[in-house]
Amino acid sequence: MPTDATAIDAFLDREAAVEVVTAYAAALDARDWGAYRALFADRIAIDYGAIGSIVATIDANEWTRRCRALEGFDATAHRLHNLRAEIEGDRAVVTGIVDAAHFIAVDGAALMGDLLGHYTHHLIRDGRWRIAGVTLTVAGYPAGKPAFDAAFAAARARFAERGIA
């Protein structure tokens, strides 16, 4: 049976790992790219294949640059639920439910691309927790996959028009 100090340390360690994942979602929605990049190890394994996106191990600067395409939306809301952290030494896996809504107005029409799914974040500790991998799985699209795809297409087009890179 763990001592009180051991249990407290384990609790605080789990909370620190979960905080990194919470900061991931908050930085995306705030478009705080400096804070977002600071959450990652230098190379990260990304698996967003569930939405037809990247499945690769890439440089964290490149991933951050790719995520800037969210600037094409008027707003996003990445809500995380049921977060759990499993820690073994200097490695952690944080899992949870994501409810991600993406909003954009096009020609007076409001579009929303939303999905419900699961995140699996793999973290490593090198003085502090950093994300070394992210997997997104999709449970469903509340407004339908065509609405999700239309909102993302409009946001990508707007982002490209603005010439932000």
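Each remark here, short or long, concerns the structure printed above.
We now turn to the structure provided with this report.

The secondary structure content of the protein amounts to four helices and six strands. When the helices and strands of the protein are placed in sequence order, the string is α-α-β-β-α-β-β-β-β-α. If one aligns the C-alpha atoms of the protein with their principal axes, the spans along those axes are about 60 × 30 × 25 Å. Put simply, the protein has 165 residues, and 38% of those count as buried.

As for its placement among the helices and strands, T64 is situated in helix α3 (residues 60-67). In this structure, T64 is in contact with W33, Y36, R37 and F40, ignoring residues within four places of it in sequence.

For the rest of this paragraph, the subject is a nonpolar patch on the surface. A cluster of nonpolar side chains, I8, F11 and L12, forms an exposed patch at the surface whose accessible area comes to about 300 Å². Looking at the element boundaries, F11 is found in helix α1 (residues 4-30).

Evaluation of the coordinates by the stated rule reveals nine aromatic pairs. Centroid distance Y24 to Y36: 5.2 Å. Interplanar angle 45°. Geometry classified as tilted. Linking Y24 in helix α1 with Y36 in helix α2 (residues 33-37), this pair joins segments that are twelve residues apart in sequence. When sorted by exposure, Y24 lands in the same class as Y36, which is buried.

One ladder, built from twelve bridges, connects strand β3 (residues 75-88) with strand β4 (residues 91-106); its direction is antiparallel. Residue pairing across strands places R79 opposite D99, the latter belonging to β4. Connecting β3 to the next strand, β4, in antiparallel fashion are two residues, including G89 with a positive phi near 60°.

The backbone of N82 sits at a positive phi, close to 50°, despite the residue not being glycine. Residue classification places N82 among the exposed positions, given a relative accessible area of 60%.

Here we come to the nonpolar core. Residues Y24, Y36, F40, W63 and L123 are the most contacted members of the largest nonpolar core, which totals 40 residues. Once residues within four sequence positions are removed from consideration, Y36 is found in contact with Y24, A27, L28, W63, T64 and C67.

This brings us to α3. When α3 is considered as a whole, its buried residues turn out to be A60, W63, T64 and C67. Around the axis of α3, the buried residues are gathered within 100° of arc, so they sit on the same side. Taken together, the buried residues of α3 touch α1, α2, β1 (40-47) and β2 (55-59). The backbone nitrogen of N61 has a side-chain oxygen 2.8 Å away, supplied by the residue at the start of α3, namely D59.

Rules of the game
Residues numbered from 1 in each chain as written. Predicted model: local features only at pLDDT ≥ 70, side-chain atom pairs only at ≥ 80, totals over all residues. Heavy atoms only, no water. Helix = DSSP H or I, 4+ residues; strand = E, 2+ residues; numbered from the N terminus. Buried < 20%, exposed > 50% of the residue type's maximum accessible area, 1.4 Å probe, protein only. Contact = heavy atoms within 4.5 Å. Patch = residues over 30% accessible without salt bridge, like charges linked within 9 Å, V, L, I, M, F, W, Y side chains within 5 Å. Areas by Shrake-Rupley, 256 points an atom, 1.4 Å probe, with all protein chains shown as cover. Salt bridge = Lys/Arg side-chain N within 4 Å of Asp/Glu carboxyl O. Phe/Tyr/Trp six-rings, centres within 6.5 Å; stacked < 30°, edge-to-face > 60°. Pairing = 2+ DSSP bridges. Core = buried A, V, L, I, M, F, W, Y, C linked by side-chain atoms within 4.5 Å. Arc of directions from axis to C-beta. Polar contact = N/O pair within 3.5 Å; in protein donor to acceptor, adjacent residues only side chain to side chain.

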